[in-house]
Amino acid sequence: MTKTIAVVNQKGGVGKTTSSTNLAKRMAARGLRVLLIDNDAQGNSTRTMFGDEIPEAIIKAKDNGRLTVGLSNTIQLYYGEENAEPFAFSEQLSVFGSSKHLAEISNKDIIDAGFNFKNRVQQLDRFDYIIIDCLPSFGTLMTSALMVADHMLIPTTLDDYSVKGIEDLIDAAMNIKKNLNQNLGVLGIFCNSVDGRDVLVERHFHQQLLDKFGDFILNTRITQSKKVWEANALQQSMFEYNPRSAQARQYEQLVTELLERTG
Ligand SMILES: Nc1ncnc2c1ncn2[C@@H]1O[C@H](COP(=O)(O)OP(=O)(O)O)[C@@H](O)[C@H]1O
Ligand SMILES: [Mg+2]
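Here is a short report on the structure shown in this document. This one's a predicted model, so the numbers in the text were calculated from it and none came from an experiment.

## Focus on the nonpolar core
Side chains that are nonpolar tend, in soluble globular proteins, to be buried together. Core analysis: the biggest nonpolar cluster contains 46 residues, and V8, I37, L146 and M152 have the highest contact counts within it. In terms of nonpolar packing, the next biggest core, distinct from the first, is built from 30 residues, F50, L93, V228 and A248 among them.

## Notes on helix 1 (residues 16-29)
When the terminal C-alpha atoms of helix 1 are compared, their 20 Å separation across 14 residues agrees well with the 20 Å that a helix rising 1.5 Å per residue should span. Most of helix 1 is tucked away: 13 of the 14 residues are buried. A positive backbone phi angle near 95° is found at G31, which sits one or two residues after helix 1.

## Re helix 5 (residues 140-148)
The buried fraction of helix 5 amounts to nine of the nine residues, a majority that puts the element mostly inside the structure. Those residues of helix 5 lying buried are T140, L141, M142, T143, S144, A145, L146, M147 and V148.

## Quick look at the packing of aromatic side chains
Under the criterion given, the structure shown has three aromatic pairs. Plain terms: the ring middles of Y78 and F117 are 4.6 Å apart, the flat faces sit at 20° to each other, and that makes the pair stacked. In this pair, Y78 is assigned in helix 3 (residues 76-79) and F117 in helix 4 (residues 110-122), connecting sequence segments 39 residues apart. Here the aromatic cluster, defined as three or more aromatic residues joined through ring pairs, consists of F50, F87 and F89. R26 extends its terminal NZ or CZ atom over the ring of F239, reaching a point 3.7 Å from the ring centre. Positioned over the ring face of Y79 is K108, at 4.9 Å from the centre of the ring.

## A short note on a nonpolar patch on the surface
A cluster of nonpolar residues, I110, I111 and F115, forms a patch on the protein surface that exposes about 210 Å² of accessible area. Residue class for I111 comes out partly exposed when judged on its relative accessible area of 35%.

## Some details on the packing of helix 6 (residues 162-179) against helix 7 (residues 199-213)
Between helix 6 and helix 7, the least distance of the axes is 10 Å, while the angle of their chain directions is 30°. It follows that helix 6 is roughly parallel to helix 7 by the angle criterion. Every pair of crossing elements has a handedness; the one defined by helix 6 and helix 7 is right-handed. Only Q208, L209, K212 and F213 of helix 7 make contact with helix 6, whose side of the interface consists of S162, V163, I166, E167 and I170. Counted by class, the contact of helix 6 with helix 7 contains five nonpolar, two polar and two charged residues.

Rules used in this analysis
- Residues numbered from 1 in each chain as written.
- Chains lettered and ligands numbered in written order.
- Predicted model: local features only at pLDDT ≥ 70, side-chain atom pairs only at ≥ 80, totals over all residues.
- Heavy atoms only, no water.
- Core = buried A, V, L, I, M, F, W, Y, C linked by side-chain atoms within 4.5 Å.
- Buried < 20%, exposed > 50% of the residue type's maximum accessible area, 1.4 Å probe, protein only.
- Helix = DSSP H or I, 4+ residues; strand = E, 2+ residues; numbered from the N terminus.
- Expected span 1.5 Å × (residues − 1).
- Phe/Tyr/Trp six-rings, centres within 6.5 Å; stacked < 30°, edge-to-face > 60°.
- Lys NZ or Arg CZ within 6 Å of the ring centre and 35° of its normal.
- Patch = residues over 30% accessible without salt bridge, like charges linked within 9 Å, V, L, I, M, F, W, Y side chains within 5 Å.
- Areas by Shrake-Rupley, 256 points an atom, 1.4 Å probe, with all protein chains shown as cover.
- Salt bridge = Lys/Arg side-chain N within 4 Å of Asp/Glu carboxyl O.
- Axes fitted to C-alpha atoms, helices over the stretch in contact; angles between N-to-C directions.
- Parallel < 35°, antiparallel > 145°, perpendicular 65-115°, else oblique.
- Left-handed = near helix turned anticlockwise from the far one by under 90°.
- Contact = heavy atoms within 4.5 Å.
- Nonpolar A, V, L, I, M, F, W, Y, C, P; charged D, E, K, R; others polar.

What follows is the structure in structure tokens.
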């Protein structure tokens, strides 16, 4: 059965995109069939996957230079062609990429858009895992992802707003669970960009998270390194960029933890 994971946090810059692309690639490398859906009009995970050479299936330039969407654009999962198909990045990994056009969905009726998205994503049942990289705000796009997801994966940084932000996020998600998607649950919360030098302060915020969210907190933490940023800029996973780095190991451990938790 396909397991659908929404990578969510309404806060920007916490590592949703970096985690989505690294997890998708590492799960695929382990032989799983994975679909990555870029559900953010900024198209960051699309760019991390493809660089400047975005396939025409996702976005094409018309004769006069105007950009238009192809059949592998995420917008097709909301209001699009019946024959929408993800772009096959490799044998194991397919992608629905996004572009600025996706922002239009924010003006659509939330329930209508959400049910379209849910129905179409549920038809993509040939994948083992679907990973949805969400935008950093509440609204139609994030709600739609939570309407179809079985699991929420929440990356967070360790700072004074983390706990409150995650509380708000889980409240919103439980509302969606009650009314629109009874399958939704929290898969886990993990700390990203952990500095490791400011031990006392980080321990304090980590303890706050543990006190509040207990078993939801995953063991894996991703430490901060410029290498992560460099790998993203080169369209590589941490494992491709530097397989011996601490972060490559940590992402590998995160995959293991997530596979264990999702059975
Ligand atoms: N562990 C890390 N160490 C250093 N930089 C990171 C790390 N994780 C993410 N980044 C960088 O932080 C920025 C925001 O990450 P991103 O994954 O785009 O966050 P989000 O999708 O939540 O907005 C990016 O420039 C990314 O390269
Ligand atoms: Mg992002």
